[in-house]
Amino acid sequence: MCNHPDAAQKPPSWLRRWSLCATDCAVALAALAAWSGLSGQQMLTPNTLANATAVAAVCLGRNLVPLFRTGLGFVAVLLPVFALVALSSFWLSRELLIDRSSTIAFAVLTAEGVRFLSHLAEGPRPCPSERIRMGVIFLFLFASWSAYFTPFIVGVVDERWYGDLMTDFLEQTRSGHFPVLAGQGAFAWNGNVHPFRTAPAHHYLGSILDQVTWERLSPLAIQHLTVFICFAGAAGSLYVGLRRLRPQRPWLAFIISLLFTASPAITLPQIRHDMYMTSAAVPLVVLVGLCLVRVLETERTRAWTWLGVALAGLWWCHPPVALITCCAAGFCLLCRLYSAPLDRCTWIGLAFAVVAAGVVGLGYALSMRELSPLSHPGSLSDPFRNVLIPALVLSAMVFGAGILRVASSAVAIGFGVGSAVVCVLSFAMLHAYALPETLTFTAALCVATLVNRHGASTYLSAKPDLIPLLCAIGVATVYGNSIVDHGKVDVFLAQTKGALSGFFRSISAGGTDQLGIAAWMVFAIAVLLSLQARPRSTRPLAISILLLVVALIPLGNMWRFGWQAAPDEITRVIGVAYSLRFLPATAPLLWVFAYAELANLVSRRVLLHAILFLGSIWTLWEHYHVVRFSWEFRHDAQTTSRHLRSENRALSRFHYDLLPASPYLTHGVADYRLETRVWQAKSAENPHLGPDQYADAIASCLHAEWQTMIVRQDQLYPAWLYLEPHIRLDPGQRRLVQFRWRDPNMRGWLIVRSKNIYRDYMLPQAGLNQGFGTADEHQHTLSLWNSGPDQEDLEIAFKREGAGAADTWPAVLSVGRVRILDYDASQTPVEVLSLQPLQLRTRTDSAAVVETFRVWQPGYRVSLDGQPVPNRPTRQGLLSYDVPAGTHIAEIRLRGTPTLRFAAQWSMAVAAILLLLVIGEAARLARTPNSLLPS
């Protein structure tokens, strides 16, 4: 029976029942196809066809047989299917297989999740159309993210780095290491903490999914599944929230939710730039928007509490998105404080939000506080100093301004002064990058105060369209002048861009040419203040502007399209920076606020629906191009396996973001067996032992001789030089290649490649002094190895760059000499015995300092021959310890400090409590008819 107030109270017809069956089967089969893709199975095989038949049978029985339409009936129909599959697999292969059962479970449980979401949206007895709408949303999600249903690489920028980190994270959790504090395995052997501690939600979600799927999926498949889960959670929670927010407009909520899933502002960061952390934050941004509307309309304590939880949870997902979302939430609350009297209910709700945010975010703040001293001045990698502290400043300003507005008592004045003290203390730790945003926010706060206290509502009533129109023009101008340079831009547009970009660069994050946080503050305050004061008959204009800004601008830039009349630029010019951070953090809020106003409109519906329809067509067209782009960068099995080979994995700059001098070690593909430096005691000039010394020690044992590198120049492309001799590697073989360069200032790329091996190094330096390069102070040794089953013939090439790169190379001149050595780890002065835990065997003639390849952080424990010894960071931020002369074995474990262990235990306890509260909240919504909630 339907809970909608104007629906007839009658059982659904057979047509509707078959529609529900078709919807459930479609969703379940889409989930089955997704699982088959994630696990690398072929789509059309007897196994998958049998799974599809079993899934369809479960869905049909679930909808048509009265006994199975209850929860117990679902168990009654699912368990026999599992038993039948298991017994048939045992009869066929004499082995009890659970793969097919787990596949069926994943597909059927997805369909059950859609069914449960319809109960959350409308109550215990939802309309059949409710499930159909939810099913269509999920089918659209499966189609949008179909390129990611694969165990292979998908992406264009950082997907390989994120894949390495997910692999390392799952290796640690599967072996029992929890919580994961830093990279420890072969995929992140340098002990990097970013994003394991700076934005850990993505990896912990992946670990949960890994356990739920019985560790049947590869780390890359788990990473892709997290993307779908995050966006499915965002779309599902948005639809449920909108339905509960305005029960009388179900189809409008469906359209808004469908457009949200197709909005380029949401999908672009992941598909074009592989922003997995941003994707993990999208569901919580949606929750923030829903809670904000509830807070502004009902002042319920529950809404305030969940608002605090969502804002604090965002910091676990992605600190930049969290900062922007907290600013946007502060704008809305600021408008609330300045547009309505403050009562006891408001203060109680605000207190609940602050307490909830503090409880949820305490563990993250403690963890970041320990990492903050590791970052070097001028670094953007310190979330505590550059992100969390500015957020505290802005929050204190909002809170203090709200209290001082009603400063009629000593208590209120005391709170206001306390907020001012917090601001002053925060400014003492504030980084210069956040200073313009804070100052601009302060100016906007003063303007809002003056406007509100001098009768602005009367002025806005007389000129209701002025502020939103100015905001629309301002947003359009800034977007149009934030684009990349293009030859079609005329002189006038170029001059306008030059005049405005300098202004907005001064208030944008990090000094880049993009729309900054401060600009969003001004626009959001103006729009929200105008919405608070304007008559209802003039709201459609502002709402339409918001929809246009969110739906049309993010991809291709409609303003540039209008100026240049170049249709091919719609889908090509999408790499601008503002699409990565600001739009994903603000677009969900604008969608929710626009729906809240649209659902209340009783006039001008035809005009608004026409605008919404046109915006939908444009958005879906752009979304189609984005989805097509994701398929173009879906790699095959050979490319993925080549990347997963250890000899091809490069450590990018992000692995060393917290180091004072990055990259200190070799940048690119490096062998951790050679990246340990040994310094003589009381010496800080050059390492006593490093890669060159390791190679010299092996060469002395093998009596290896130097060979001249013969140069062969490419006739068609003179910049390319091919060096001989070639190097042959048998399966499992390791070799060291030691160079002596004739010209220490050679500029170009050294490339080592074969059928399955590829690596390149930028010369004259691939790393700083202790990394690989050509100058005397650099290391000159590379480690090559073959982890595959086939023999590899490696070619060494050099691509010259700079002045004279195309000159003819004299035939008699070589680039230097080379020495090729068979690598034997037992002959090196430092031998890596294991990575988890890190065990090193050192052989030194005198007392020395061992500088490992692990990034130091508080909490490392070092034992030398079973006895604990102190450790400390070097000037480059790497972990080091002292060793006496002789042969010694050191074991290095990361156990964490008491503060970090408390933060981890606190966070896990809070997560468990929040999980119970979420389950309880879902059960409450499923039992509560939607028509009984206030609209």
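Since the structure is predicted, the reported quantities are computational estimates derived from the model, not experimental observations.

*Asks:* Give a detailed account of the overall build of the protein, specifying residues and quantitative values.
*Replies:* When helices and strands are counted, the protein shows 29 helices and 22 strands. Classification of the 935 residues of the protein by burial places 57% in the buried group. Partitioning the intrachain contacts of the protein with sequence separation of at least 6 by distance along the chain shows that 74% fall at a separation of at least 24. A total accessible area of about 38,600 Å² is found for the protein, and carbon and sulfur atoms account for 65% of it.

*Asks:* Which residues make up the pairing of strand E14 (residues 816–822), and what values do they have?
*Replies:* For E14, a buried count of five out of seven residues is recorded, marking the element as mostly surrounded by other parts of the structure. Across two bridges, strand E4 (residues 707–708) lies against E14 in antiparallel orientation. Looking at E14, one finds that Thr708 is bridged to Arg817.

*Asks:* Quick rundown of helix H10 (residues 264–273)? Include the residues and the values.
*Replies:* Counting buried positions along H10 yields nine of ten residues, so the element is predominantly enclosed. If you check which residues of H10 are buried, you get Pro264, Ala265, Ile266, Thr267, Leu268, Pro269, Gln270, Ile271 and His273. Once H10 ends, the next one or two residues include Asp274, with phi positive near 55 degrees.

*Asks:* Give a description of the sheet that holds strand E13 (residues 792–800) that names residues and reports values.
*Replies:* What links the strands of a sheet is backbone hydrogen bonding, and the strands pair in either a parallel or an antiparallel sense. Read across the sheet, five strands follow the order E5-E6-E13-E8-E9 without closing on themselves; strand pairing throughout is antiparallel. With partners counted over all chains shown, the strands left at the sheet margins are strand E5 (710–713) and strand E9 (758–763), one partner each. Averaged over all pairs of adjacent strands, the angle between strand axes in this sheet comes to 25 degrees, irrespective of strand direction. Across four bridges, E5 lies against strand E6 (residues 720–729) in antiparallel orientation. Bridge pairing in E6 links Gln713 to Leu721.

*Asks:* Give me a nonpolar patch on the surface: which residues, what numbers.
*Replies:* A surface patch of nonpolar side chains, about 400 Å² in accessible area, is lined by Val355, Val359, Leu362, Phe902 and Trp906. Among the secondary structure elements, those contributing two or more residues to the nonpolar patch are helix H14 (344–371) and helix H29 (898–927). Counting residues per element, the nonpolar patch draws most heavily on H14, at three residues. Examined against the element boundaries, Leu362 turns out to sit in helix H14. With a relative accessible area of 30%, Leu362 lands in the partly exposed category.

*Asks:* For helix H5 (residues 128–144), give the residues involved together with the corresponding values.
*Replies:* End to end, H5 covers 25 Å across 17 residues, agreeing with the expected 24 Å (1.5 Å per residue, within 8%). Listed as buried for H5 are Pro128, Glu130, Arg131, Arg133, Met134, Gly135, Ile137, Phe138, Leu141, Phe142 and Ser144.

*Asks:* Tell me about the pairing of strand E12 (residues 781–785), and please be specific about residues and values.
*Replies:* Burial within E12 is extensive, with five of its five residues counted as buried. Alternating positions in E12 separate into two faces, Thr781, Ser783 and Trp785 on one and Leu782 and Leu784 on the other, with burial throughout.

*Asks:* Residue-level account of the packing of aromatic side chains, with values.
*Replies:* Within the structure shown, the criterion is met by 22 aromatic pairs. Each ring, one from Trp189 and one from Phe853, has its centre 5.3 Å from the other, and the planes form 90 degrees; the classification is edge-to-face. Taken together, the residues Trp189 in the loop between helix H6 (159–174) and helix H7 (201–212) and Phe853 in strand E17 (residues 848–855) connect sequence positions 664 residues apart. Among the aromatic side chains, those forming a connected cluster through ring pairs are Phe169, Phe178, Phe196 and Tyr204. Over the ring of Phe629 we find Arg272; its NZ or CZ atom is 4.1 Å from the centre of that ring. Its end group placed over the ring of Trp785, Arg759 keeps NZ or CZ at 5.1 Å from the ring centre.

*Asks:* Any details on the packing of helix H12 (residues 301–317) against H14? Residues and values, ideally.
*Replies:* Closest axis-to-axis distance for the H12/H14 pair is 7 Å, and the angle between their directions is 25 degrees. It follows that H12 is roughly parallel to H14 by the angle criterion. The handedness of the crossing between H12 and H14 is right-handed. Every residue of H14 that contacts H12 at Thr301, Trp304, Thr305, Gly308, Val309, Ala312, Gly313, Trp315 and Trp316 is listed here: Thr346, Ile348, Gly349, Leu350, Phe352, Ala353, Ala356, Ala357, Val360, Gly361, Gly363 and Tyr364. A per-class count over the contact of H12 with H14 returns 13 nonpolar, eight polar and no charged.

*Asks:* Let's hear about the nonpolar core: which residues, and what values?
*Replies:* Ranked by size, the top nonpolar core spans 175 residues in total, and within it Val288 and Tyr881 carry the most contacts. Ranked by residues supplied to this core, first place goes to helix H8 (residues 219–245) with 15 residues. When sequence neighbours within four positions are dropped, the list of residues in contact with Tyr881 reads Leu840, Thr842, Ala848, Val849, Val850, Thr852, Val862, Leu864, Pro870, Ala890 and Ile892.

*Asks:* Which residues make up the sheet that holds strand E3 (residues 677–680), and what are the values?
*Replies:* Pairing is antiparallel in the open sheet, where four strands are placed in the order E3-E17-E21-E20. A strand with exactly one partner marks an edge of an open sheet, and here the two such strands are E3 and strand E20 (871–873). Across the sheet, the mean angle separating the axes of adjacent strands is 30 degrees when strand polarity is ignored. Where E3 and E17 come together, four bridges link them in antiparallel fashion. From the neighbouring strand, Arg677 faces E17, where its bridge partner is Glu851.

*Asks:* Before we move on, could you go through empty space enclosed by the protein and cite the residues and values that matter?
*Replies:* Summed over the entire model, instances satisfying the criterion amount to nine cavities of 30 Å³ or more. Taken as a whole, the second largest cavity spans an internal volume of roughly 100 Å³. Lining the second largest cavity are 15 residues, with Thr666, Asp671, Glu675, Thr781 and Leu782 positioned closest to its centre. Those elements that place two or more of their residues in the lining of the second largest cavity are E9 and E12. Among the elements that make up the lining of the second largest cavity, the one with the highest residue count is E12 (three residues).

Rules used in this analysis
Residues numbered from 1 in each chain as written. Predicted model: local features only at pLDDT ≥ 70, side-chain atom pairs only at ≥ 80, totals over all residues. Heavy atoms only, no water. Helix = DSSP H or I, 4+ residues; strand = E, 2+ residues; numbered from the N terminus. Buried < 20%, exposed > 50% of the residue type's maximum accessible area, 1.4 Å probe, protein only. Contact = heavy atoms within 4.5 Å. Areas by Shrake-Rupley, 256 points an atom, 1.4 Å probe, with all protein chains shown as cover. Pairing = 2+ DSSP bridges. Axes fitted to C-alpha atoms, helices over the stretch in contact; angles between N-to-C directions. Patch = residues over 30% accessible without salt bridge, like charges linked within 9 Å, V, L, I, M, F, W, Y side chains within 5 Å. Salt bridge = Lys/Arg side-chain N within 4 Å of Asp/Glu carboxyl O. Expected span 1.5 Å × (residues − 1). Phe/Tyr/Trp six-rings, centres within 6.5 Å; stacked < 30°, edge-to-face > 60°. Lys NZ or Arg CZ within 6 Å of the ring centre and 35° of its normal. Parallel < 35°, antiparallel > 145°, perpendicular 65-115°, else oblique. Left-handed = near helix turned anticlockwise from the far one by under 90°. Nonpolar A, V, L, I, M, F, W, Y, C, P; charged D, E, K, R; others polar. Core = buried A, V, L, I, M, F, W, Y, C linked by side-chain atoms within 4.5 Å. 1 Å grid on protein atoms, 1.4 Å probe; cavity = no way out; pocket = protein on both sides within 12 Å on 5 of 7 lines; lining within 4 Å. Points joined across faces, edges and corners; volume = space filled by probe spheres on them.

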